Structure formats: structure tokens, C-alpha cells
Amino acid sequence: MKASLHRPTRAIIDLGAICFNVEQISRHIPKGVKKFAVVKANAYGHGVIAVAKSLQDKVDAFCVSNIDEALELREAAIELPILILGVSAVESIPLAIEHRITLTVASKEWLALALATYPDLTGLTVHIKIDSGMGRIGFRDLSVLNESLTKLQAAGADIEGVFTHFATADEKEVDHFEQQLHQFRSFVEKMEIRPRLVHASNSATTLWHSDTIMQAVRLGDVMYGLNPSGSVLELPYEIKPALRLESELVHVKEIEPGSKVGYGATYEAKEKEFIGTVPIGYADGWTRDMQGFSVLVDGQFCPIVGRVSMDQITIHLPKSYPLGTPVVLIGRSGASEISATDVAEQRGTINYEVVCLLSDRVPRDYKAD
Ligand SMILES: *Cc1c(COP(=O)(O)O)cnc(C)c1O
């Protein structure tokens, strides 16, 4: 889909904030630790090419979720190493070799399929994934892992790294985290071929378990200025949110008591009131459960009244405002602020989902500082 450029609705991405966040993290982790910027899912909705270009001399590598996301970076002339965190189709092995894209090897079954088609893996760089307790992908058995390492090496692959992923690093309770850490460390110790890069830390681990950082950190949510725990754990240092979502009033009217607003006529005016219409809806990722939440106009919280439509929402205004008056959906307006976490809490979800769900219809505008 083409972005709707002639509509006032846009996400304004502060690339300076993303760079600031990476620098802040750098100051709080041991020197020499490699920084992998996780830019999967269009850089969590922030726009992958702009984000990758602004970060390429500040980080050591990029992580994405699949080969198409990796190729998009290569097509944009991004030269840094790229690690695919998920399982890739074995058919993409030649592409990975050609474009210097690092694949994750997560099971002996995948390796068997890969070797059946491509017995010679010369030129392929891989990271091994250990499932230490996340339960998605990765080796869970040490002897199976060691057999696979031998086969990979015999086939000529470069086994550069080994990693795991924590399920609960953003929670107060640390038992499961400790268990995973212990499991991963003991696996790594017993690997018969020891890769050069051992890494485990996502954003939450980097923030709240910095004493466990190994040779690299994989930074996602925190880099975009979001608290990976939502509001459960306090940030140990300042980070700045990089995404602002704004629009404008395109229609303002005064309605009479008894007037209804929106699909299903779910809202009825009790008294005379001003209603503003804003051109954003669930097709932009502003989901229907935002009914009852607020947006900011002139520094004031204005409730979203009536249903969220595909392309429009209606808001209660304290007074009449001219067309073109700014409306802030995520970000600051005067002394007030709505964060992606506030939006997430309204929806019973996490800030990750809020930013990722902003659709291609919403243009991303960039400012450098
Ligand atoms: C997405 C992802 C990350 C980044 O997670 P954040 O919580 O956003 O830092 C790191 N590692 C893996 C394996 C991932 O899938």
C-alpha cells in the first residue's frame, strides 16, 4: 500500500532519539560489547531504511526476522552484518551466502533438510540458537547440538555465534530468567565447537540484568525509546521515545442533546457539545478498542467518543476549534503526554504491538534531532 501523503495523519520519527538511546545504552554496558540493532518488522514500525541508515555507524550489526527483511537492507546498500533471528527456508541459503546474511540454525531437522539440498555450506555464516526455556525455536539437547555442530563445520559453514532468548527478562520475578541463564551457560560451556560470539541480551536483559551481558546485546524496544516492561519496571536511565503520532481536526461541529455519533450509534450527546473528526482509524492501526481512550488537542485530553471507524475517529472537544488544529495521538501536547505504553494499556497489550501495528497508510516523517 502507498502511504496516504495528502492526509494530515503521520508518524514523526525522531532519529536523533534513537541514536541518543543507543548512546545511552552504550554508556551503561561494558566496553567492547557488540551492539546488534533489532530492526525487524519495519524497525518496529519506525521505518527500517531510515532507522538503519541513521544507526549504521553506531552499531555492529542488524537483526531481522526473515530473509526478505534482510534483503531490503542490502538493497538499500546497508553493509553491516545482518542476522536473521528466525528460521529461514533452506531455499534461501544461496541468497544468504550471496548477500552475506547470517542464518540461525535452530534444529537438527532443519540442518538435515539444508544439507540434503546444499551439502556444501562454504560461505554461509550461522548463529546457533539454544532454547534455554523460551520454548519457540532452538536446540534443547546437548548431544544433538554437538552432532549438528560437527556436521555444520564439516559442510564448511562458519559457526560465528550462539545465542538464546529470555522469556521473562522484563518481569519482577527472576526465577525463570535465572534458570534460562544457567541452562544457556551450561550449554555454551559444553559445546564442542565454541563460536566467537555468545549473546543473550534483549532490551530488557540489557536494562535490568546488565551484569549478565555476554559478547553482544540485541536491542529492540529500548532503542525506540520504549520501556519493554510497559510500566512494570522502572528504567534505570533516561531513554527518549522516538515515535509521535499526530493528525489534525478535519471536521468540527456542535451537536444537539440526543444526537448520536458513529457506527452502531453507541454515543449519544447528553447536552450540546462539540465533536471533532480526525482522519485515522483501524486501517491505520488505531484499533477499535481505542474507543473511550483520549487524544490530545491543545494540551487537553479529549475522549474518543463513538466507534472507531476504518478511517476516522470522533472526539469530544471542550470548545470549538478551527479545522487544521493539531491532534496528538501518541506524544506530547503542551504539558500533557500520551505514550505508546498508555495506548497499550488501554488495549490490554504491549507497546511493541502498538508501534508495529501502525499500517503502511501512515506516512513516516523523519527528523534528525
Ligand atoms: C525481537 C527479538 C529481540 C529484540 O527484543 P526487544 O525486547 O525488542 O529488545 C532480541 N532477540 C530476539 C531473538 C528477538 O526475536
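Residues numbered from 1 in each chain as written. Predicted model: local features only at pLDDT ≥ 70, side-chain atom pairs only at ≥ 80, totals over all residues. Heavy atoms only, no water.

Moving on, we get to the UniProt feature "modified residue: N6-(pyridoxal phosphate)lysine" (unreviewed entry) in the protein chain. The UniProt entry lists Lys-40 under the feature "modified residue: N6-(pyridoxal phosphate)lysine" (unreviewed entry), expressed in the numbering used here. Its place among the elements puts Lys-40 in helix H2 (residues 40-44). When its relative accessible area of 28% is taken as the criterion, Lys-40 is described as partly exposed. (UniProt positions renumbered as here; feature names shortened; annotations may be inferred. Helix = DSSP H or I, 4+ residues; strand = E, 2+ residues; numbered from the N terminus. Buried < 20%, exposed > 50% of the residue type's maximum accessible area, 1.4 Å probe, protein only.)

Taken together, the residues surrounding the ligand are Val-38, Lys-40, Tyr-44, Leu-85, Arg-136, His-165, Asn-202, Ser-203, Arg-218, Gly-220, Asp-221 and Tyr-352. Between the ligand and Lys-40 there is a distance of 2.7 Å, counted from an oxygen atom to a side-chain nitrogen or oxygen. Contacts to the ligand include Ser-203, whose side-chain N or O atom sits 2.5 Å from an oxygen atom. Considered on its own, the ligand offers 390 Å² of accessible surface; in the complex 93% of this is hidden by protein. (Near = heavy atom within 4 Å. Polar contact = N/O pair within 3.5 Å; in protein donor to acceptor, adjacent residues only side chain to side chain. Areas by Shrake-Rupley, 256 points an atom, 1.4 Å probe, with all protein chains shown as cover.)

We note that the domain assignment places domain 1 (15-224) and domain 2 (243-338) within the protein chain. Here the C-alpha centroids of domain 1 and domain 2 sit 42 Å apart. (Domains from an automatic or database assignment.)

Positioned with a positive phi, Asn-42 is a non-glycine residue whose angle comes to about 55 degrees. Structurally, Asn-42 can be placed in helix H2.

Relative orientation of the contacting elements helix H1 (residues 15-27) and helix H3 (residues 48-55) amounts to 50 degrees, with a least axis distance of 10 Å. Of the possible angle classes, the one that applies to H1 and H3 is oblique. Remark: the crossing between H1 and H3 carries right-handed chirality. In this structure, H1 uses Leu-15, Ile-18, Cys-19 and Val-22 to contact H3, whose residues at the interface are Ala-50, Val-51, Ser-54 and Leu-55. Classifying every residue of the contact of H1 with H3 by side-chain character gives seven nonpolar, one polar and no charged. (Axes fitted to C-alpha atoms, helices over the stretch in contact; angles between N-to-C directions. Parallel < 35°, antiparallel > 145°, perpendicular 65-115°, else oblique. Left-handed = near helix turned anticlockwise from the far one by under 90°. Contact = heavy atoms within 4.5 Å. Nonpolar A, V, L, I, M, F, W, Y, C, P; charged D, E, K, R; others polar.)

On to the pairing of strand S15 (residues 294-297). On S15, burial covers both faces: Ser-294 and Leu-296 on one face and Val-295 and Val-297 on the other are all buried. Here S15 runs beside strand S16 (residues 300-305); their pairing, made up of four bridges, is antiparallel. Across the sheet, the residue bridging to Leu-296 is Phe-301, located in S16. What sits between S15 and S16 in their antiparallel hairpin is a turn of two residues, with Asp-298 showing a positive phi close to 55 degrees. (Pairing = 2+ DSSP bridges.)

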